[in-house]
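# A closer look at the structure
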Amino acid sequence: MTGARPCGAEQRRDRERGGGGGGGPVAQAAGGMSGARGAGPALVALLLAASVLSAALLAPGDPPERGAEAAPPRDLDKKKHVELKMDQALLLIHNELHGTNMTVYWNSERCYHCLFQILVNVSWSGKPGKPSIAAVALSTQHGSLLQLNDTLEEKEICRLEYKFGEFGNYSLLVKHVHNGVNEIACDIVVNKNPIDSNLPVCIAFLVGVALIIAVYLLRFLLSLDDFHNWISKAINSRETDRLINSELGSPGRAGSIGGEAQQEAWHPPSALPRLRSIDTFRGLALILMVFVNYGGGKYWYFKHSSWNGLTVADLVFPWFVFIMGSSIFLSMTSMLQRGCSKFRLLGKIAWRSFLLFCIGVVIVNPNYCLGPLSWDKVRIPGVLQRLGVTYFVVAVLELIFAKPVPESCASERRCFSLRDIILSWPQWLFILLLESIWLGLTFFLPVPGCPTGYLGPGGIGDLGKYPNCTGGAAGYIDRLLLGDDHIYQHPSSAVLYHTKVPYDPEGILGTISSIVMAFLGIQAGKILLYYKDQTKDILIRFTAWCCFLGLISVALTKISENEGFIPINKNLWSISYVTTLSSFAFFILLILYPIVDVKGLWTGTPFFYPGMNSILVYVGHEVFENYFPFQWKLEDNQSHKEHLTQNIVATALWVLIAYILYKKKVFWKI
């Protein structure tokens, strides 16, 4: 990896981009908010990045020796040297069984109902009292299942479950137990302790939190007259005093943070309020997306799930879709109140959707250093493509049934507490119809060679019975309508489940689920607008939606990763995935809205600034991913610490870029 674009761009083309998107800015207004005064956002963002970076640098690193020679037994032939990579441990298998050849099988505990894979064959040494030894590298991301069989008789000798640590050195001793009974013992011994690879993340997080507390404490002290006057006299410089006032808070304003945040959030020049909490939520999802797309320190929980379940990377894209829905309603209502015709709005919607789709196709098909891109291999689905289609459907749906926003229903019994739902009954009918189509196709569409209603990953999953059925109906529809060469070639399921067929996590059938998620975001926007200035009513409805959607998820999943009726699955965009992430989204708004927009206890820094320019940050971080200073050659490419440092720096730079653009009032919208 160097500062220039590498010719290994094919890896970037093949990598899944399901973690985030530029949906937020599609419906957001480009301008309308002046710079945050007295909040010291640049200082906070830069100090936070510096603290996290220093924490990552100071955290204990990897051991200098990671191969089999780190603690080799005397009998280990140097030809069997194993060089460990990231998230691997060394296992030395000692076969002390006289006249018995062993076959060792391995499986990950995260691989649901998977076939065991042959790890290594360990033959008898031929010399009594001298064991034969085989050295293998094992994954340390999850627990390992080991099964030892007699190679000749295909009879199980023993089975173990063990969680190995990164760069640890272990021995598996297989021998007879001399206790009067013909028994075989399989024991794991630690030769060299592993490292704690999660320590850099923990230290970076704690130092970052501590620094945020320190900065806000300093701002509070500077808001006190006595403390500020003491600082001013000590410095004895008007210029320095001016900088302190402008960057860290004006004197004599104990509530300055809240007042400024509330003023910016509730008094923009447009007819409707621009909610700072919406932009903060969008920016939070965007920063997480940039971080995980850049590698997330190469930690497994910052990558997409192999199939069922949730990781941090699985959160950000649906949150973008949710906030896009909220922004669509607020923006469209504002434009209609300003007198914009529905026909003109329809044209804007169609044009924005088209641009999103086209930009998405360009981003997911990079061809630098690879020569001309063949049309036969162009990937059609993608993150921005799905956002474009989702935006078009939900925006047109709201435009068709748009009604004037009720000022107050306090005196009208028919409105009572459900007016945000009752006034949208045609849209709800359409969304329920779409979800019925998803359920019908998923569970009843016949798929050649696969069981009807199959939701599994294929490959070695389900004991290898359906190797070419990855994604069931969702995968079949994409391959049928788009062709194998025009969808994602290396899905996340290929790593753990060894799938062979292409599968696109942004495929056609999953778009229905993203439309449902965006509509739930619209529901959040309606709550904010219909009950404006009624904070208690807003929070009650956010809580009700959070609990309602959470209960649906509990019922669908049975609080299980794999055993539920419809498991949480990002690749499929299952309905349980939508309800779970929507429940989380309502909960986040439940926290952000009163803190940011009502009480003004937090301005949203630093997430607010990327949220105001999210399409530019998203496209920019994709295009300049392999350029310095967002990426450079690492001294140790197998170190979590170095990858984490690089990814934090790259993410912090985009926060800084977004802040500078905000201060210069540069916004990119389509």
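As the structure is a prediction and not an experimental result, all values here were calculated from the model.

## As for the overall build of the protein chain
When you go through the protein chain residue by residue, the secondary structure sums to 20 helices and 8 strands. If you take every contact in the protein chain between residues at least 6 apart in sequence, the share linking residues at least 24 apart comes to 75%. For the protein chain, the exposed area adds up to about 29,300 Å²; of that, 62% sits on carbon and sulfur atoms.

## Notes on the packing of helix α19 (residues 614-623) against helix α20 (residues 640-663)
At a minimum axis distance of 11 Å, the contact between α19 and α20 shows a crossing angle of 140°. When the interaxial angle is binned, α19 and α20 end up oblique. The two elements α19 and α20 meet at a crossing, and its hand is right-handed. Facing α19, whose interface residues are Leu616, Val617, Gly620 and His621, α20 presents Trp654, Ala658 and Leu661.

## Examining helix α17 (residues 575-598)
The terminal C-alpha atoms of α17, which comprises 24 residues, lie 33 Å apart, in line with the 34 Å expected from a rise of 1.5 Å per residue. With 19 of its 24 residues buried, α17 lies for the most part within the structure. Directly beyond the C-terminal end of α17, a positive phi value near 65° is found at Gly600.

## What to know about the nonpolar core
In globular proteins that are soluble, nonpolar side chains generally tend to be buried together. With 104 residues, the main nonpolar core has Phe281, Trp319, Phe322, Phe542, Phe586 and Tyr618 as its most contacted residues. Judged by nonpolar contacts, the second largest core, of 23 residues, contains Met102, Phe164, Tyr170 and Cys186.

## Points about a nonpolar patch on the surface
A grouping of Phe205, Leu206, Val209 and Ile213 is seen on the molecular surface, where their side chains present a nonpolar patch of about 420 Å² in accessible area. Residue Phe205 is classed as exposed on the basis of its relative accessible area of 57%.

## Observations concerning the sheet that holds strand β7 (residues 169-178)
Here we have 4 strands laid out as an open sheet, ordered β4-β1-β7-β8, and mixed in their pairing. The open sheet terminates on both sides in strands that have one partner only, identified here as β4 (132-139) and β8 (182-192). Adjacent strand axes in the sheet meet at a mean angle of 25°, parallel and antiparallel pairs treated alike. When strand β1 (residues 88-95) meets β4, the two strands line up antiparallel, connected through 8 bridges. Note on β4: the bridge partner recorded for Asn95 is Ser132.

## Some thoughts on the packing of aromatic side chains
Taken as a whole, this structure holds 29 aromatic pairs when the rule is applied. Aromatic side chains Tyr162 and Tyr170 sit 5.7 Å apart centroid to centroid with 75° between the ring planes, which places their arrangement in the edge-to-face category. In this structure Tyr170 comes out as buried when scored by relative accessible area, which is 3%. The ring of Tyr531 has Arg541 sitting right over it, with the charged end atom 3.9 Å from the ring centre. When the ring centre of Phe565 is taken as origin, the NZ or CZ atom of Lys558, which lies over that ring, is 4.2 Å away.

## Here's the deal with the sheet that holds strand β6 (residues 155-162)
One open sheet holds the 4 strands; their spatial order is β3-β2-β5-β6, and the pairing between them is antiparallel. Of all strands in the sheet, those bounded by a partner on one side alone are β3 (117-122) and β6. Strand-to-strand, the axes of this sheet are offset by a mean angle of 20°, without reference to chain direction. Across 7 bridges, the pairing between strand β2 (residues 102-108) and strand β5 (residues 144-150) is antiparallel. Across the sheet, residue Ser108 finds its bridge partner in β5, namely Ser144.

## Details of the state of the cysteines
This model, assessed by the stated rule, comprises 3 disulfides. Two residues, Cys111 and Cys114, share a disulfide whose sulfurs are 1.8 Å apart. Judged by the sign of its S-S torsion, about -75°, the bond between Cys111 and Cys114 is left-handed. Two residues, Cys158 and Cys186, share a disulfide whose sulfurs are 2.0 Å apart. Disulfide Cys158-Cys186: the torsion about the S-S bond is -95°, which places it as left-handed. Note that Cys158 is positioned in strand β6 and Cys186 in strand β8, a separation of 28 residues in sequence. Comparing Cys158 with Cys186 shows no difference in burial state: the two are buried. Ordering the disulfide-forming cysteines of the protein chain by sequence position, one finds them joined as 1-2, 3-4, 5-6. Here Cys547 stays unpaired: no disulfide links it, and the sulfur of Cys546, its closest cysteine neighbor, is 5.3 Å away.

## Describing unusual backbone geometry
Pro606 follows Thr605 through a cis peptide bond whose omega is 0°. For Pro606, the location among the structural elements is in the loop between α17 and α18 (608-612). In this structure, Pro629 follows Phe628 across a cis peptide bond, with omega equal to 10°. One can find Pro629 in the loop between α19 and α20. One non-glycine residue, His113, adopts positive backbone phi at about 50°. Examined against the element boundaries, His113 turns out to sit in the loop between β2 and β3. A positive phi angle, near 50°, is found at Glu154, a position not held by glycine. Mapped onto the elements of the fold, Glu154 is located in the loop between β5 and β6.

## Concerning the pattern of salt bridges
Counting across every chain of the model gives 10 salt bridges. Two residues, Glu156 and Arg159, come together in a salt bridge whose shortest N-O distance is 3.6 Å. For Arg159, a relative accessible area of 49% corresponds to the partly exposed category. One salt bridge connects Asp485 with Lys377, and the closest N-O pair in it is separated by 3.6 Å.

## A word on α19
Among the 10 residues of α19, 8 are classified as buried, and the element is accordingly described as predominantly covered. When α19 is considered as a whole, its buried residues turn out to be Ser614, Ile615, Val617, Tyr618, Val619, Gly620, His621 and Glu622.

## Quick word on the side chain of Ser197
Within the fold, Ser197 resides in the loop between β8 and α3 (199-222). Judged by relative accessible area, Ser197 falls into the buried class, the value being 14%. A distance of 3.1 Å separates a polar atom in the side chain of Ser197 from a polar atom in the side chain of Glu166. Each residue touching Ser197, except ones within four places of it in the same chain, is listed here: Glu166, Tyr299 and His640.

## Concerning the confidence of the model for the protein chain
A residue-level look at the protein chain finds 78% of positions with pLDDT of 70 or above and a mean pLDDT of 82. Across residues 409-415 the pLDDT falls below 50, and counting only partners more than four positions away or on other chains, this stretch makes 3 contacts in the model.

## Description of the side chain of Ser492
Structurally, Ser492 can be placed in the loop between α13 (473-481) and α14 (493-497). When its relative accessible area of 11% is taken as the criterion, Ser492 is described as buried. Only 2.9 Å separates the side chain of Ser492 from the backbone oxygen of Ser305, close enough to count as a polar contact.

Scoring rules and cut-offs
- Residues numbered from 1 in each chain as written.
- Predicted model: local features only at pLDDT ≥ 70, side-chain atom pairs only at ≥ 80, totals over all residues.
- Heavy atoms only, no water.
- Helix = DSSP H or I, 4+ residues; strand = E, 2+ residues; numbered from the N terminus.
- Contact = heavy atoms within 4.5 Å.
- Areas by Shrake-Rupley, 256 points an atom, 1.4 Å probe, with all protein chains shown as cover.
- Axes fitted to C-alpha atoms, helices over the stretch in contact; angles between N-to-C directions.
- Parallel < 35°, antiparallel > 145°, perpendicular 65-115°, else oblique.
- Left-handed = near helix turned anticlockwise from the far one by under 90°.
- Expected span 1.5 Å × (residues − 1).
- Buried < 20%, exposed > 50% of the residue type's maximum accessible area, 1.4 Å probe, protein only.
- Core = buried A, V, L, I, M, F, W, Y, C linked by side-chain atoms within 4.5 Å.
- Patch = residues over 30% accessible without salt bridge, like charges linked within 9 Å, V, L, I, M, F, W, Y side chains within 5 Å.
- Salt bridge = Lys/Arg side-chain N within 4 Å of Asp/Glu carboxyl O.
- Pairing = 2+ DSSP bridges.
- Phe/Tyr/Trp six-rings, centres within 6.5 Å; stacked < 30°, edge-to-face > 60°.
- Lys NZ or Arg CZ within 6 Å of the ring centre and 35° of its normal.
- Disulfide = S-S within 2.5 Å.
- Polar contact = N/O pair within 3.5 Å; in protein donor to acceptor, adjacent residues only side chain to side chain.
- pLDDT = per-residue confidence, 0-100.

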